[in-house]
Amino acid sequence: MKAVVFHAIGDISVEDVPDPKIQEPTDAIIRLTSSALCGTDLHFIRGTFTPMQEGTILGHEGVGIVEQLGDDVRNLAIGDRVVVSSTIGCGNCAYCRDGYYAQCDVANPNGKQAGTSFFGGPSPTGPFNGLQAEKARIPFAPTVLTKLPREVSDEQAIVISDIFPTGYFGADLADIKDGHSVAVFGCGPVGLCAIVSAKLFAAGRVFAVDSKPDRLEKARFLGAECINFEREDPVDTLQRLTGGIGPDRAIDAVGIDASHAHDSNANEKSNIAAEEREARENAPETNPDGDNWHPGDAPSQALQWAVQSLAKAGTLAIVGVYPPGFNSFPIGMAMNRNLTLKMGNCNHSKYIPKLVDMTRTGQIDPSEILSQSHPITEVLEAYRAFDLREEGWLKVEIDPES
């Protein structure tokens, strides 16, 4: 079968690999009908989240058809159409039973303290081969797979596999109440889903902070008030727009590949030298190829802006991805402003059934986030355009069958 394979930082390829096989009685084998690219995949290729194991199949978003089932998978049948939870949980341990699927005690073969397992990730997450492939082995299938009703399309379901639950998780973590003002940092796919989710939680005002005009335009379409950090200082602007108080809640949907402003009028408060040193320390090994695969130049920028802009006693929810070794955070300012910090990897299996049902009934349409669809044979070109954040390349669906 064809799959997208990681070889080294800056080096991926589409190649033929063996078909997956059932290994455990709780496994399933699915034929992928849809997959997608995610900003998290770019962290691995840029070298900002390591170490990756050579030969790992990339991708953690998938929709497919069940082709084989282990003997202990009792809630699915051959031929069922399913969406895959990006994170892997056993469904039985105390963490899974409490809804913390991302902290499952069983799924990660590296031990109880190893943390989240997910498809197509670095060695400390398993590793488990990913979903940018024609077929995939799904461990703990009774928990990781959710059956799809016919009313939910593949285009909608692929967004529910990872980014919509992650955005919804961010809004949930932020403890948004009726009328709250919410600042979402980053208008990539997760940030856009966080904007929609904040509205679902009855936020009064939602502010969107980014620098890409097409992403800000989509955020505006979804109901956000937009701030381009290349044109104005986002902290000053958020303070001004909220009467000098700041937003009640903030969601960091950016993560480790954040960038500072590059326009001289917007970055005068930035410590460029410190940010560049921080970027080098976080990603000592890189392998850029022309304009591609460059890490962000200010890894803690979204965190800094969020803490500075929040109202006193506000809440910051962090769902942007940061590697375990990243240590830079403005803890002093957060402490002295009485901020509440909540963060983590999304517990996808907690939210996916609810979001599937909300899609089925027409309350949400996740496919609004999709901007591109390409066959797996063109995935390398798609990766390059997505990495550069080219205009119109917002959320890229991959068709494994073409």
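Each chain has its residues counted from 1, running along the sequence as written. Thresholds applied to this predicted model are a pLDDT of at least 70 for local features of residues and 80 or more for the giving and counting of side-chain atom pairs; totals over whole chains, interfaces and linings are not thresholded and use all residues. Side-chain metrics rest on all non-hydrogen atoms present in the structure, leaving aside hydrogens and water.

### Here we look at the overall build of the protein
Phase 1: Each helix is a run of DSSP H or I of at least 4 residues and each strand a run of E of at least 2, with the numbering of both proceeding from the N terminus. The helix and strand tally for the protein stands at 13 helices and 15 strands.
Phase 2: The reference for a compact globule is 2.2 Å times residues^0.38; the radius of gyration itself is calculated from the C-alpha atoms. Computed over C-alpha atoms, the radius of gyration of the protein comes to 20 Å, within 12% of the 21 Å expected from 2.2 N^0.38 for 402 residues, which places it in the range of a compact globule.
Phase 3: Note on classification: 1.4 Å probe, protein chains only; a residue is buried when its accessible area is under 20% of the maximum for its type, exposed when over 50%, partly exposed between these limits. Relative to its full complement of 402 residues, the protein shows a buried share of 58%.
Phase 4: Two residues qualify as a contact provided that any one of their heavy atoms is within 4.5 Å of a heavy atom in the partner residue. Taking as baseline every contact in the protein between residues at least 6 positions apart, the subset at least 24 positions apart corresponds to 74%.
Phase 5: Carbon and sulfur atoms make up 46% of the accessible area of the protein, which totals about 16,000 Å².
Phase 6: For the purpose of counting charges, residues Lys and Arg are taken to be positive, whereas Asp and Glu are taken to be negative. His and the chain ends are not included. A charge is said to be at NZ when it belongs to Lys, at CZ for Arg, at CG for Asp and at CD for Glu. In the protein, 34 side chains carry a positive charge and 55 a negative one; their mean positions are 7 Å apart. Only the protein chains shown count as cover for residues, and the accessible areas themselves come from Shrake-Rupley with a 1.4 Å probe.

### A look at the packing of helix H8 (residues 234-241) against helix H10 (residues 301-309)
Phase 1: With axes taken as lines fitted to C-alpha atoms, and helix axes fitted only over the stretch in contact, angles between N-to-C directions fall between 0 and 180 degrees. Where H8 contacts H10, the axes come no closer than 9 Å and their chain directions differ by 30°. In terms of axis orientation, H8 runs roughly parallel to H10. At the point where H8 passes H10, the crossing takes the right-handed sense. On H10, the residues touching Pro234, Val235, Leu238 and Gln239 of H8 are Trp305, Gln308 and Ser309.
Phase 2: The classification used treats Ala, Val, Leu, Ile, Met, Phe, Trp, Tyr, Cys and Pro as nonpolar, Asp, Glu, Lys and Arg as charged, and all other residues, Gly among them, as polar. When grouped by side-chain class, the residues that make up the contact of H8 with H10 number four nonpolar, three polar and no charged. By definition in this entry, angles of less than 35 degrees are roughly parallel, angles greater than 145 are roughly antiparallel, angles of 65 to 115 are roughly perpendicular, and the rest are oblique. By convention, the crossing between two helices is left-handed when the near helix turns anticlockwise from the far helix through less than a right angle, and right-handed when the turn is clockwise.

### A word on the sheet that holds strand S10 (residues 225-228)
Phase 1: Strands sit in the order S10-S9-S8-S11-S12-S13 across an open sheet of six strands; the sheet is parallel. Looking at strand neighbours, the two that pair on one side only are S10 and strand S13 (340-343), the edges of this open sheet. Each adjacent strand pair in this sheet contributes to an overall mean axis angle of 20°, direction not counted.
Phase 2: Here strand S8 (residues 181-185) runs beside strand S9 (residues 205-210); their pairing, made up of five bridges, is parallel. Each bridged residue has a counterpart across the sheet, and for phenylalanine 185 the counterpart in S9 is valine 209.
Phase 3: Packing of helix H7 (residues 213-221) onto the sheet brings it into contact with S9 and S10, and relative to S10 it is tilted by some 165°.
Phase 4: Of the strands in this sheet, S8, S9 and S10 are in contact with H8, which crosses S9 at around 165°. Here, a strand pair is defined by DSSP locating no fewer than two bridges between the strands.

### Description of the environment of leucine 238
Phase 1: Of note, leucine 238 is situated in helix H8.
Phase 2: When the C-alpha positions of leucine 238 and isoleucine 227 are compared, they lie 8.4 Å apart, and in sequence the two are eleven residues distant.
Phase 3: Leaving out residues up to four positions away in the same chain, leucine 238 has contacts with Ala183, Phe185, Phe207, Val209, Ile227, Pro247 and Ser309.

### Describing the pairing of strand S5 (residues 81-84)
Phase 1: Where strand S4 (residues 62-69) lies against S5, four bridges are found, and the strand directions are antiparallel. Opposite valine 63, over in S5, you have valine 83 as the bridge partner.
Phase 2: Relative to strand S7 (residues 145-147), S5 runs antiparallel, the two sharing three bridges. For valine 82, the partnering residue across the bridge sits in S7 and is lysine 147.

### Focus on the packing of aromatic side chains
Phase 1: Within 6.5 Å between ring centres, the rings of Phe, Tyr and Trp (the latter by its six-membered ring) count as paired, and their orientation is classed by plane angle as stacked under 30 degrees, edge-to-face over 60, tilted in between. Applying the stated criterion across every chain yields a total of seven aromatic pairs.
Phase 2: Taking the centre distance of 5.9 Å and the plane angle of 80° together, the rings of phenylalanine 44 and phenylalanine 49 count as edge-to-face. The same class applies to phenylalanine 44 as to phenylalanine 49, namely buried.
Phase 3: Here the aromatic residues Tyr168, Phe169, Phe201 and Tyr351 are joined through ring pairs into a cluster of three or more.

### Describing the pattern of salt bridges
One side chain can pair with another of opposite charge once the charged atoms of both are near each other.
Phase 1: What makes a salt bridge here is a side-chain nitrogen of Lys or Arg within 4 Å of a carboxyl oxygen of Asp or Glu, nothing more. Overall, the coordinates contain 18 salt bridges when judged by the stated rule.
Phase 2: In this structure, arginine 220 and glutamate 217 form a salt bridge, with 2.9 Å as the shortest nitrogen-oxygen distance. Of this pair, arginine 220 and glutamate 217 are both found in helix H7, three residues apart, which corresponds to roughly one turn of the helix.
Phase 3: Relative accessible area serves as the criterion here: at 43%, arginine 220 is assigned to the partly exposed category.
Phase 4: On the basis of relative accessibility, which here comes to 45%, the residue glutamate 217 falls in the partly exposed class.
Phase 5: One salt bridge connects arginine 360 with aspartate 357, and the closest N-O pair in it is separated by 2.7 Å. Here aspartate 357 and arginine 360 lie together in helix H12 (residues 348-360), a separation of three residues that amounts to about one turn.
Phase 6: For aspartate 357, a relative accessible area of 37% gives the class partly exposed.

### Notes on the nonpolar core
Phase 1: By convention a nonpolar core is built from buried Ala, Val, Leu, Ile, Met, Phe, Trp, Tyr and Cys residues, the set being connected through side-chain atoms within 4.5 Å. In this structure, Ile176, Leu192, Ile195, Ile251 and Leu355 are the most contacted members of the largest nonpolar core, which totals 49 residues.
Phase 2: Only helix H4 (154-160), helix H5 (163-173), S8, helix H6 (189-200), S9, H7 and H12 provide two or more residues apiece to this core.
Phase 3: The residues contacting isoleucine 176, other than those within four sequence positions of it, are Ala171, Val182, Ala198, Phe201, Ala203 and Arg249.
Phase 4: Residues Val84, Tyr101, Leu131 and Leu145 belong to the second largest nonpolar core, which totals 24 residues.

### A word on the packing of H5 against H12
Phase 1: In contact at an axis separation of 9 Å, H5 and H12 are set at 105° when each is read in the N-to-C sense. It follows from the interaxial angle that H5 and H12 lie roughly perpendicular. When H5 is examined against H12, the residues Phe164, Pro165, Thr166, Tyr168, Phe169 and Asp172 are found in contact with a partner set consisting of His348, Lys350, Tyr351, Ile352, Lys354 and Leu355.
Phase 2: Of the residues belonging to the contact of H5 with H12, the class tally is seven nonpolar, two polar and three charged.

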